[in-house]
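# Coordinate analysis (summary)
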Protein chains: 2
Amino acid sequence: MSTYSYQSLYNFALSVFEKMGCPTEEAETATKTLLSADLRGVDSHGVARLSGYVRLWEKGRINATPNIKVTYETPSTAVVDGDAGLGLVVAPYAMKVAMEKAKVAGTGWVAVRNSNHYGIAGYHAMQALKEDMIGMSMTNASPLVAPTFSKERLLGTNPIAVAIPADKEPPYVGDFATTTAANGKLEILQRKGEDAPNGWIQNKEGEPTNNAYGVKEGGALRPLGGDRTNGSHKGYILGSMVDIFSAVLSGANYGPWAPPFVSFMDPAKDPVGEGLGHFFGAMRVDAFRPADEFKAHMDKWIQRFRNSEPVDSSTPVQIPGDQERYFEAERTNNGIPLLTPVVNDLKAVGEKFGVELKG
Amino acid sequence: MSTYSYQSLYNFALSVFEKMGCPTEEAETATKTLLSADLRGVDSHGVARLSGYVRLWEKGRINATPNIKVTYETPSTAVVDGDAGLGLVVAPYAMKVAMEKAKVAGTGWVAVRNSNHYGIAGYHAMQALKEDMIGMSMTNASPLVAPTFSKERLLGTNPIAVAIPADKEPPYVGDFATTTAANGKLEILQRKGEDAPNGWIQNKEGEPTNNAYGVKEGGALRPLGGDRTNGSHKGYILGSMVDIFSAVLSGANYGPWAPPFVSFMDPAKDPVGEGLGHFFGAMRVDAFRPADEFKAHMDKWIQRFRNSEPVDSSTPVQIPGDQERYFEAERTNNGIPLLTPVVNDLKAVGEKFGVELKG
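Residues numbered from 1 in each chain as written. Chains lettered and ligands numbered in written order. Predicted model: local features only at pLDDT ≥ 70, side-chain atom pairs only at ≥ 80, totals over all residues. Heavy atoms only, no water.

## Examining the interface of chain A and chain B
With 91 residues of chain A in contact, the opposing surface of chain B contributes 91 residues. Between chain A and chain B, a total of about 7300 Å² is buried, with carbon and sulfur atoms accounting for 67% of that surface. Three residues, Phe 149, Lys 234 and Phe 288 of chain A, lead the burial of chain A against chain B; their summed loss comes to 10% of the area buried on that side. Taken together, chain A and chain B are joined by 4 salt bridges. The salt bridge partner of Glu 309 of chain A is Lys 151 of chain B, with a shortest N-O separation of 3.4 Å. Applying the counting criterion to the chain A and chain B interface returns 38 residue pairs in polar contact (both at pLDDT 80 or more). Among the elements that make up the side of chain A that touches chain B, the one with the highest residue count is helix α7 (residues 232–248) of chain A (12 residues). Tallied by class, residues from the side of chain A that touches chain B come to 51 nonpolar, 26 polar and 14 charged. (Contact = heavy atoms within 4.5 Å. Buried area = accessible area lost by both parts, 1.4 Å probe. Salt bridge = Lys/Arg side-chain N within 4 Å of Asp/Glu carboxyl O. Polar contact = N/O pair within 3.5 Å; in protein donor to acceptor, adjacent residues only side chain to side chain. Helix = DSSP H or I, 4+ residues; strand = E, 2+ residues; numbered from the N terminus. Nonpolar A, V, L, I, M, F, W, Y, C, P; charged D, E, K, R; others polar.)

The structure is reproduced here in structure tokens:
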């Protein structure tokens, strides 16, 4: 484990994106989006994925100079074609379109096709906060999840994020994979040599397993709920809704056709759309009631929930986004810890491009 | 158990709503909305609740002749004041407003305050299907659910429904409470004398319990996920998002202030808004891509998922809405079975109003 300052990781990732051929402004956007995950404690989605993006670019699956554009629109909707660009760049473009629509029509809803992995869902939703808008963000992803009663992997971990502004209180930011557990949590268990809890994974026969390598060995993650008794059909609804909004509305690949993030697996030979899909929403709170009034009630909501009586007095009730905000404050001050395999991986990327990772 | 035809229950409920003073057209809307639950197999939300609505009306908490109106709007949004009317009438009004907005602006989003229980979420979302729109519906409800780590009941079972049109295939209709299990399932266990599965309930100390009476004895339902390890913080995000969209955006009561459905519990003495809140959405699919194209891909999506390899060949993979549709076909033909206590309850309501329940 070594710790790097935000600025040193920023300089490194920016240079790598520039060496890939991204125009400077887009390289800056990609870097900021990518590193928001490291700052917020979502280590699986941050700089640890930089080499993954590089490998996809080497395979010709990421276009460093995309012509990202709106291909269709109505007063409150748009479709964006990402031209196979980095999701880290395509998504901020699309979220901006959603917010521009909301300024005029009250709300804005943007479906995106022909994109790639977009980092953490929450970062995009949070862009709306500075305009006193509620932000929403979702994306489909590599198929790793089996619907209830299925042996097959047909859905991604398909996250949903919602960001809601408050007044004196920090904003409400929910950001979650629609599975019982995200894939990154399995990697942590594997490193520790621990078993997976019940309800997280099924083996390749579709039976529940505690084997933390169950997904790697041909099994699947399970939708939120874990099994039918505990509501996995609800997690399946959530994951499939994300898939349909992100990919069927936009014209991207859906379900098992969603292109895998890993470069060693090829996309489906019979695509049903273009690239990966995302879906974004922005709702002006003053399209419903005066913003001051809304935000004062959000403060009251947040205070009531935060101060509710905890089961265990040492574990207070949290508001969605609390944990990530604590990480962000801590890591902005004290730096971002990286595991040795991640550091080695970054150094290999650096050597390829002649960019040095400074401590 | 006795079985009644749809038409006989329709005539009975219509007369009761008329005797309460609802104008005929609104009594018809209320009856259709209420009975959609019985048809679709959601017995807890149908005619079994009729006496509950009557008791709320007797307490002066339901206004049989409300002046339902739009109090604020932008091109893609509106706020509706339900004037303490039946949610069964207020919700269809608001969903219509959402659809009218969508016709012009591409999408429509309507927050509702000062309403009451609105029946099943799915019915309202499904109204959008006939216009080739995606429908969404959510509502807050009586506080029975404890956020992760909390002893207190701060949220309702806060359902979310989404209805998505297809072409030759029947539509996709997801409709689910954001808890591990709906309250109605506990009543079934109580009648059978069975324990509740792990993850459904906590007792009044906040500890997990299998006691099917745990909620009645001061405990709480748990958010989808059941506990932190299995993702209850995600169910908590979903339930609280529904609460905020339905009630903080609209000016209704949120969180623990949401008025209880049962007439023997009074609403909070320090309300933070008016009545219960709902939130509806309608998105024209051709605000994103040609409707024929969208619906053809939905058919492909549905076929791929339905035909995926099942874990157990006797239990095929379902599409959200399949189960409710089978119920609807079966009960339309063969009638709606009612438990004896429900029949007795209806007969008591009938006697009160001089309306006969015919077999």
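Let's pick the thread back up.
## Some thoughts on the packing of helix α3 (residues 50–58) of chain A against helix α10 (residues 340–353) of chain A
Residue and element names in this part refer to chain A. The contact between α3 and α10 brings their axes to 9 Å, and the two run at 40°. Classified by the angle between their axes, α3 and α10 sit oblique to one another. Each of Leu 50, Ser 51, Val 54, Arg 55, Trp 57 and Glu 58 in α3 lies in contact with α10, whose residues at this interface are Asp 345, Leu 346, Val 349, Lys 352 and Phe 353. For the contact of α3 with α10, the per-class residue count stands at 6 nonpolar, 1 polar and 4 charged. (Axes fitted to C-alpha atoms, helices over the stretch in contact; angles between N-to-C directions. Parallel < 35°, antiparallel > 145°, perpendicular 65-115°, else oblique.)

## Considerations on the pattern of salt bridges
One pass over the structure, following the stated rule, counts 36 salt bridges over all chains. Two residues, Lys 168 of chain B and Asp 167 of chain B, come together in a salt bridge whose shortest N-O distance is 3.4 Å. In this structure Lys 168 of chain B comes out as exposed when scored by relative accessible area, which is 72%. Under the relative-accessibility criterion, Asp 167 of chain B is labelled partly exposed at 41%. Through salt bridges with shared partners, a single network forms among Glu 169, Arg 306, Asp 322 and Arg 325 of chain A. (Buried < 20%, exposed > 50% of the residue type's maximum accessible area, 1.4 Å probe, protein only.)

## Things to note about the pairing of strand β4 (residues 107–115) of chain A
Residues and elements named next belong to chain A. Counted residue by residue, β4 has 9 buried out of 9 residues, so it is predominantly covered. Between the parallel elements strand β3 (residues 77–81) and β4, the chain passes through helix α4 (residues 87–105) in a crossover that is right-handed. Across 7 bridges, β4 lies against strand β11 (residues 276–284) in antiparallel orientation. When the bridges of β11 are listed, Trp 109 appears paired with Gly 281. (Right-handed = clockwise from strand over helix to strand, strands pointing away. Pairing = 2+ DSSP bridges.)

## Details of α7 of chain A
Over its 17 residues, α7 of chain A runs 23 Å from end to end, which matches the ideal 24 Å to within 8%, given 1.5 Å per residue. Taking burial as the measure, the 17 residues of α7 of chain A include 16 buried ones, the bulk of the element. (Expected span 1.5 Å × (residues − 1).)

## Brief notes about the relation of the copies chain A and chain B
In the superposition of chain A on chain B (RMSD 0.0 Å, axial shift 0.0 Å), the rotation amounts to 180°. The symmetry that links the two subunits is that of a two-fold axis. Relative to the rotation axis, the closest C-alpha in chain A is found at Gly 225 of chain A, a distance of 2.5 Å. When you check the interface residues of chain A against chain B, 100% turn up at the interface there too, and the contact is symmetric in its surfaces. (Least-squares fit on C-alpha atoms with pLDDT ≥ 70 in both.)

## Structural notes on the packing of aromatic side chains
Inspection of the entire model under this criterion finds 23 aromatic pairs over all chains. Note on Trp 109 of chain A and Trp 109 of chain B: the rings are 4.3 Å apart at their centroids and 25° apart in plane angle, and the pair reads as stacked. Residue Trp 109 of chain A is found in strand β4, and its partner Trp 109 of chain B is found in strand β4 (residues 107–115); the two belong to separate chains. By relative accessible area, which is 3% here, Trp 109 of chain A ends up buried. Ring geometry for Tyr 118 of chain B against Phe 280 of chain B: centres 5.9 Å apart, planes inclined by 35°, an arrangement best described as tilted. Taken together, the positions of Tyr 118 of chain B in the loop between β4 and α5 (121–126) and Phe 280 of chain B in strand β11 (residues 276–284) put the pair 162 residues apart, joining distant regions of the chain. With a relative accessible area of 0%, Phe 280 of chain B lands in the buried category. Through a chain of ring-to-ring contacts, three or more aromatic side chains come together here, namely Trp 109, Phe 245, Phe 279 and Phe 288 of chain A together with Trp 109, Phe 245, Phe 279 and Phe 288 of chain B. (Phe/Tyr/Trp six-rings, centres within 6.5 Å; stacked < 30°, edge-to-face > 60°.)

## Regarding the sheet that holds strand β9 (residues 208–209) of chain A
Residues and elements named next belong to chain A. With respect to topology, 3 strands assemble into an open sheet ordered β9-β8-β10, the strand pairing being antiparallel. The outermost strands of the open sheet, each flanked by one partner alone, are β9 and β10 (220–221). Bridging between strand β8 (residues 201–202) and β9 involves 2 bridges; their strand directions are antiparallel. What sits directly across from Gln 202, in β9, is Pro 208.

## Quick notes on the sheet that holds strand β5 (residues 133–139) of chain A
Strand pairing within a sheet occurs via backbone hydrogen bonds; the two strands may be parallel or antiparallel. Residue and element names in this part refer to chain A. Here 7 strands make up an open sheet; going across it, the order is β2-β3-β4-β11-β5-β6-β7 and the pairing mixed. Unpaired on one side and paired on the other, β2 (69–74) and β7 (172–176) mark the two borders of the sheet. In this sheet, adjacent strand axes meet at a mean angle of 10° when their direction is disregarded. The pairing of strand β6 (residues 160–164) with β7 spans 5 bridges and is antiparallel. Bridging across to β7, Ile 160 finds its partner in Phe 176. Here α7 sits on the sheet and contacts β4, β5, β6 and β11; the angle it forms with β5, its principal contact strand, is near 95°.

## Considering the side chain of Asn 114 of chain B
Residue and element names in this part refer to chain B. Summarising the element assignment, Asn 114 is placed in strand β4. Given a relative accessible area of 13%, Asn 114 falls into the buried group. Contact partners of Asn 114, with chain neighbours within four places excluded, come to Asp 81, Gly 82, Asp 83, Ala 84, Gly 85, Ala 252, Glu 274, Gly 275 and Leu 276.

## Focus on the environment of Val 70 of chain A
Residue and element names in this part refer to chain A. Along the chain, the position of Val 70 falls in strand β2. Sequence separation of Val 70 and Ala 94 is 24 residues, and the distance between their C-alpha atoms is 8.5 Å. In this structure Val 70 touches Ala 78, Val 79, Val 80, Tyr 93 and Val 97, once residues within four positions along its chain are discounted.

## Some words on unusual backbone geometry
Residue and element names in this part refer to chain B. Despite not being glycine, Asp 132 has its phi angle at roughly 55°, a positive value. You can call Asp 132 partly exposed: its relative accessible area is 23%. With a phi angle near 80°, Phe 149 is a residue other than glycine that sits in the positive phi range. Judged by relative accessible area, which is 28%, Phe 149 ranks as partly exposed.

## Considering the nonpolar core
Of all hydrophobic cores here, the largest spans 106 residues; its most connected members are Tyr 172, Phe 245 and Trp 301 of chain A together with Tyr 172 and Phe 245 of chain B. Not counting the four nearest positions on each side in its chain, Tyr 172 of chain A is found in contact with Val 162, Ala 163, Ile 164, Met 298, Trp 301, Ile 319 and Pro 320 of chain A together with Ile 237, Ser 240, Met 241 and Ile 244 of chain B. (Core = buried A, V, L, I, M, F, W, Y, C linked by side-chain atoms within 4.5 Å.)

## Observations regarding helix α6 (residues 183–192) of chain B
All names here are of chain B. Restricting attention to buried positions, one finds in α6 the residues Gly 184, Leu 186, Leu 189 and Gln 190. If you follow the buried residues of α6, they end up packed against β8 (201–202) and β10 (220–221). One or two steps after α6, the chain reaches Gly 193, where phi turns positive at roughly 70°.

Coordinates in, geometry out; function isn't part of it.
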